[in-house]
Amino acid sequence: MQKSNTWIIFIAPTIVLILTMVVFPLFYSLWLSLHGWTILNRVNPPFVGLDNYARALADPLFWHGLLVTVIILVVALTIETLLAIAMAMLLARGDIVGRNMFRVLAFIPALINPIATGYTFHLLFHPNGGAVNALLGFVAGHPVNLDWIGSPSTALAAIIVTDIWQWTPFLTIVFLAARLGLPGEPFEAARIDRASPWLIFRRVTLPGLVPAITVMLLIRGIDIFKLFDTIYAITGGGPGTATQTLGFYTYLVGFNSFKLGYAAALSWVLNIILFILATIFLRTAGRRLLS
Amino acid sequence: MAVRTDAHMTEEITDTKSIRKQTENTTAPAPRLAQHRRRTTWSIGRIFAHLALLVMMVAVLFPIYWLVITSFKDNSEALGPPATFWPNHFTLHSYEVAFKESLFPGLINSFLAALISTVIAVLIGTLAAYSLERHHFRLRNDVAFWILSQRMMPPIAVAIPFFLVMQQLHLTDTLFALILLYVTFNTPLAVWLMRPFVRDIPVEMEQAALLDGYKPLTVFRKITLPLLKTPMATTAIFVYIFAWNEFLFALILTRVHAITLPIAISSLGGNPYGVEWAQIATLSVVAIVPVLILYIFVQRYMVTALTFGSVKG
């Protein structure tokens, strides 16, 4: 029957698009990563084998980038997840006024332009006219002149705070929905047994939230390895190299130094990390995704 | 069935009408009033929960508030010191300057790139979603996952080779290159958003039409497509927002002619002769407002869109 072949026509544009626009470039990038493409060697870049990868492993900035990424990942995700779970627990009460309004607001930070968000936080953390110092000064009772973006540790903190602002409300909504979706009987039973709220949370609520938490940690983990826009707007990777994540360093190598061969090798390392994360994600969420 | 969660599962907390219903309860007959009164007792736990909620809402809104008021300050006041929580000199000057100097061509380019790529991505994404849902071919799940996995790809990995290809084709700094990339990176999202909607359409009508001898393409066009109008609009809004917000590809592929709004913002931020913060804030407001308006229409699908449908909203 002719019907049996129609699906090919329907799905063909998508597949052709991905093959030409993603798969082909990735192979091209693999080829690049094996060649010494620089601004001087762009016509016939010499074949260098795995030199670019060896160079990455010996490059302190590569390891530094990885470290910065992991620090953001661990700190931001820990704070976001704990805060969001706590908020979700508070909002799970049936008698909260304004929960719908919060739901409306909660998605906005995750949705608006990340470059605008980045510059907004740059402005907020600015040593002179920033609101953060003004608010701290108000609390402390004397003027505060912290140069947030100018010193390495606080610059990283500014990036992390921005990420927390963008994603904690979103995670709260996800965890709240997961909590409200749990069956009520175990909670009833625990209450009849006079279990303490903490015990109910640990033994009933938390196990029920684990699937949602796992999936969100993976998605957010992938996001943080791709983090670029807010870093560009807040610190530009600085001061020095303090906030250069692996992705940001790859960008700088590629488009500031125009060592595209080396940058391609770095991006393949990033690819492999994300491939592993994505595979775990698809395995974990796979059953639900396929329904 | 599990992916088809968003709309139904979340009605309880999505529907803003329920707020209105609650307030109407105040004027309801006696039994309801009693219930209402019971609900308004303020235990310590409840007060604490509301305080936390209030703090969180203020925290969400404050940076946006700061951005908006900065756009109405003059440039010297924008950076202070001192930090002013309300403009001393409320002025539209930044908007005038933006309109004359910095807003164009970024705004038009952003609009065009997002719009054109959205139309294409939603069209081919809908076709793919239809194919994946209606034809249970071998490798169907593998193809579906393969399409989805494109969204997890780091953009920088594709940007490097793509930049070289576009340079060789003399297509850097053109909207064409940007649109091509936006279509590529948003089609998987469109496929993933459209699938549950296609699944919700009863297959019987299509089967009947096929039995009557209509060609599959005609069946799709005449029967399925009209039913998918609203879902396609929803999907289009998401794709539009993501294309509108995109930064890295635009940064790498555009110089002068094809710069988008985020690039216009970032080039103000990189001005070596002093950053005009009021200008940056103004352009940022322009970048955010359309998204906030579009957001109203797709609010209940947010969780699905941002988690690939892997989490119940």
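Analysis parameters
- Residues numbered from 1 in each chain as written.
- Chains lettered and ligands numbered in written order.
- Predicted model: local features only at pLDDT ≥ 70, side-chain atom pairs only at ≥ 80, totals over all residues.
- Heavy atoms only, no water.
- Helix = DSSP H or I, 4+ residues; strand = E, 2+ residues; numbered from the N terminus.
- Contact = heavy atoms within 4.5 Å.
- Buried area = accessible area lost by both parts, 1.4 Å probe.
- Salt bridge = Lys/Arg side-chain N within 4 Å of Asp/Glu carboxyl O.
- Polar contact = N/O pair within 3.5 Å; in protein donor to acceptor, adjacent residues only side chain to side chain.
- Nonpolar A, V, L, I, M, F, W, Y, C, P; charged D, E, K, R; others polar.
- Core = buried A, V, L, I, M, F, W, Y, C linked by side-chain atoms within 4.5 Å.
- Buried < 20%, exposed > 50% of the residue type's maximum accessible area, 1.4 Å probe, protein only.
- Patch = residues over 30% accessible without salt bridge, like charges linked within 9 Å, V, L, I, M, F, W, Y side chains within 5 Å.
- Areas by Shrake-Rupley, 256 points an atom, 1.4 Å probe, with all protein chains shown as cover.
- Expected span 1.5 Å × (residues − 1).
- Phe/Tyr/Trp six-rings, centres within 6.5 Å; stacked < 30°, edge-to-face > 60°.
- pLDDT = per-residue confidence, 0-100.

1. Remarks on unusual backbone geometry
Part 1 of the reasoning: Looking along the chain, the bond that leaves Gly238 of chain A and enters Pro239 of chain A is cis, with omega of -5°.
Part 2 of the reasoning: Assignment of secondary structure puts Pro239 of chain A in the loop between helix H11 (229-234) and helix H12 (246-255).
Part 3 of the reasoning: For the bond from Phe104 of chain B to Pro105 of chain B, the omega torsion is 5°, close enough to zero to count as cis.
Part 4 of the reasoning: Position of Pro105 of chain B relative to the elements: it lies in the loop between helix H7 (93-102) and helix H8 (106-134).
Part 5 of the reasoning: In the Ramachandran plot, Leu139 of chain B falls in the positive-phi region, its phi being about 70° despite a non-glycine side chain.

2. Quick word on the interface of chain B and chain A
Part 1 of the reasoning: Contact residues are listed per partner, giving 112 residues for chain B and 100 residues for chain A.
Part 2 of the reasoning: With both chains or domains summed, chain B and chain A bury close to 9,700 Å², and 79% of this area falls on carbon and sulfur atoms.
Part 3 of the reasoning: Counting every contact that joins chain B to chain A gives 1 salt bridge.
Part 4 of the reasoning: Between Asp95 of chain A and Arg46 of chain B there is a salt bridge whose closest N-O contact spans 3.3 Å.
Part 5 of the reasoning: Across the contact surface, chain B and chain A share 11 residue pairs in polar contact (both at pLDDT 80 or more).
Part 6 of the reasoning: Per element, the largest residue contribution to the side of chain B that touches chain A is 18 residues, and it comes from helix H5 (residues 44-71) of chain B.
Part 7 of the reasoning: Looking at the side of chain B that touches chain A, its residues break down into 78 nonpolar, 26 polar and 8 charged.

3. Description of the nonpolar core
Part 1 of the reasoning: Within the largest apolar cluster, 201 residues are counted, with the highest numbers of intra-cluster contacts made by Ile72, Phe175, Tyr251 and Phe281 of chain A together with Ile252 of chain B.
Part 2 of the reasoning: Element by element, the count of residues in this core is highest for helix H11 (residues 175-200) of chain B, at 16 residues.
Part 3 of the reasoning: With residues near it in sequence (within four places) discarded, Tyr251 of chain A still touches Phe228, Tyr232 and Asn256 of chain A together with Ile156, Leu248, Leu251 and Ile252 of chain B.

4. Some details on the pattern of salt bridges
Part 1 of the reasoning: In total, this model carries 9 salt bridges over all chains according to the counting rule given.
Part 2 of the reasoning: Between Asp163 of chain A and Arg220 of chain A there is a salt bridge, with its nearest N and O atoms 2.3 Å apart. Taken as a pair, Asp163 of chain A in helix H8 (residues 152-180) and Arg220 of chain A in helix H10 (residues 197-226) lie far apart in primary sequence, 57 residues in all. The pair Asp163 of chain A / Arg220 of chain A is uniform in exposure class, with both members buried.
Part 3 of the reasoning: Where Glu133 of chain B meets Arg195 of chain B, a salt bridge forms, and the shortest distance between an N and an O atom there is 2.8 Å.

5. Topic: a nonpolar patch on the surface
Residue and element names in this part refer to chain B.
Part 1 of the reasoning: Taken together, the side chains of Phe99, Phe104, Ile108, Phe111, Leu112, Leu115, Ile116, Val119, Ile120 and Leu123 define a hydrophobic patch exposed on the protein surface, amounting to about 850 Å² of accessible area.
Part 2 of the reasoning: The element best represented in the nonpolar patch is H8, accounting for 8 residues.
Part 3 of the reasoning: One can find Phe111 in helix H8.

6. Some points on helix H3 (residues 60-91) of chain A
Part 1 of the reasoning: Compared with an ideal rise of 1.5 Å per residue, which puts 32 residues at 46 Å, H3 of chain A spans 45 Å between its outermost C-alpha atoms and is within 8% of the ideal.
Part 2 of the reasoning: Its side-chain oxygen 2.8 Å from the backbone nitrogen of Leu61 of chain A, Asp59 of chain A forms the N-cap of H3 of chain A.

7. Details of the packing of aromatic side chains
Part 1 of the reasoning: Evaluated as defined, the whole model comprises 37 aromatic pairs over all chains.
Part 2 of the reasoning: Centroid distance Phe125 of chain A to Trp148 of chain A: 5.2 Å. Interplanar angle 55°. Geometry classified as tilted. Of this pair, Phe125 of chain A sits in the loop between helix H6 (114-124) and helix H7 (131-140) while Trp148 of chain A sits in the loop between H7 and H8, and the two are 23 residues apart along the sequence. Each member of the pair, Phe125 of chain A together with Trp148 of chain A, is buried.
Part 3 of the reasoning: Relative to Phe90 of chain B, the ring of Phe72 of chain B has its centre 4.8 Å away and its plane inclined at 20°; by these criteria the two rings are stacked. Separated by 18 residues along the polypeptide, Phe72 of chain B in the loop between H5 and helix H6 (75-79) and Phe90 of chain B in the loop between H6 and H7 bring together distant segments of the chain.
Part 4 of the reasoning: Judged by relative accessible area, Phe72 of chain B falls into the buried class, the value being 19%.

8. What about the confidence of the model for chain A?
When pLDDT is low, close inspection of the predicted coordinates is not appropriate.
Part 1 of the reasoning: Mean pLDDT over chain A works out to 91, with 97% of the residues at or above the 70 mark.
Part 2 of the reasoning: When mean pLDDT is compared element by element in chain A, H3 of chain A scores highest at 96, while helix H13 (residues 260-290) of chain A scores lowest at 87.

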